[in-house]
Amino acid sequence: MPPADSGLNATPLASDPTRFVLIETSHPGNVGSTARAMKVMGFRDLVLVRPRFADVLSQEETVAMASGAADILARARIVDRLEEALDGCTFVCATAMTPRDFGPPTHQPRELFARLANPADPAGNPHRVAFLFGSERYGMSNEDVYRAHAVLSIPTHPDYGSLNLAQAVQLLAYDWRQALGGYEIAARTADPQLADARAVQGLLTHLEGSLIHLGYLDPAAPKKLMPRLNQLFNRAGLTQEEVHILRGIARAIEKTRPAADTPPALGGDE
């Protein structure tokens, strides 16, 4: 096991208010997946406490599962003791079962995060939060849980609550990011341009002639077909492009020639 402050270690990021701590992690893939989960939610501070493999941060499986989050691995630190990993943190959340004898209170993540995201003191200084995750096989020891201010319990189905380590990291990272304000969604397409009332009326006039040509609408007894289509189009909120498509369909109808002995099929209200 490498000593604290080994050559792989980097200086903690003062600007990152959140730290993810993996205790005695066994599988390199989980370390890489954790780095990826952190990066997509904008977190960067990763600390490993006594991982199974001294070179876990550079193993091929770790880097592969990080999938573009190699910078998180490059900055990650390896320490021997949990107290070193918690240096500078003002609120510690354990992801474990609360010990039976005594221990910190258990919370659902969103309920607790809503309070944690507020300034920790009247001066407006935010908490520096640490999330602790135990080993894949044994979880966290009671002694480690006792160090926490709170225990987080992810609400899962009561019959099956088994989560992979990296999955748990992703869920908590998402909820914590949302509590901190989240990120805006960047639209991939431009907002559609809605058709104005004149364009819709032009479509209705065009479509009325096409339906008469088709034999679906009897001009002598139109009933309420066109007003109903008008209401349908208003509810649909047609775009300019959709108006062009429907008028193209109307033009295609006009190019057809109904059989001379085909009686008109009445549209609208029967």
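This structure is a prediction, so every number in the text was calculated from the model and none was measured. (Residues numbered from 1 in each chain as written. Predicted model: local features only at pLDDT ≥ 70, side-chain atom pairs only at ≥ 80, totals over all residues. Heavy atoms only, no water.)

**Q** Can you explain the pairing of strand β6 (residues 129-133)? Please cite residues and give values.
**A** β6 sits mainly inside the fold: 5 of its 5 residues count as buried. Burial along β6 is two-sided: the face carrying Val129, Phe131 and Phe133 and the face carrying Ala130 and Leu132 are both buried. Sheet topology places strand β4 (residues 91-95) next to β6; 5 bridges connect them, and they run parallel. Looking across to β6, one finds that alanine 94 is bridged to leucine 132. (Buried < 20%, exposed > 50% of the residue type's maximum accessible area, 1.4 Å probe, protein only. Helix = DSSP H or I, 4+ residues; strand = E, 2+ residues; numbered from the N terminus. Pairing = 2+ DSSP bridges.)

**Q** Describe the environment of isoleucine 212, naming the residues involved and giving the relevant values.
**A** Take isoleucine 212: it is sitting in helix α8 (residues 197-214). Along the sequence, isoleucine 212 and glutamate 254 sit 42 residues apart, while their C-alpha atoms lie 9.3 Å from each other.

**Q** Before we move on, can you summarise unusual backbone geometry with the specific residues and values?
**A** With phi around 45 degrees, arginine 50 is a residue other than glycine that occupies positive phi space. With respect to the secondary-structure elements, arginine 50 resides in the loop between β2 (45-49) and α2 (60-66). Judged by its relative accessible area of 28%, arginine 50 falls in the partly exposed class. One non-glycine residue, serine 67, lies in positive phi territory at about 45 degrees. The partly exposed category is assigned to serine 67, whose relative accessible area is 43%.

**Q** Any details on the layout of surface pockets? Residues and values, ideally.
**A** In this structure, the largest pocket spans a volume of roughly 680 Å³. In this structure, the largest pocket is lined by 25 residues; those nearest its centre are Thr95, Ala96, Met97, Gly161 and Leu163. Where the lining of the largest pocket is concerned, the elements lending two or more residues are α6 (142-146), β7 (150-152) and α7 (165-180). Along the lines of polarity and charge, the residues of the lining of the largest pocket split into 13 nonpolar, 11 polar and 1 charged. (1 Å grid on protein atoms, 1.4 Å probe; cavity = no way out; pocket = protein on both sides within 12 Å on 5 of 7 lines; lining within 4 Å. Points joined across faces, edges and corners; volume = space filled by probe spheres on them. Nonpolar A, V, L, I, M, F, W, Y, C, P; charged D, E, K, R; others polar.)

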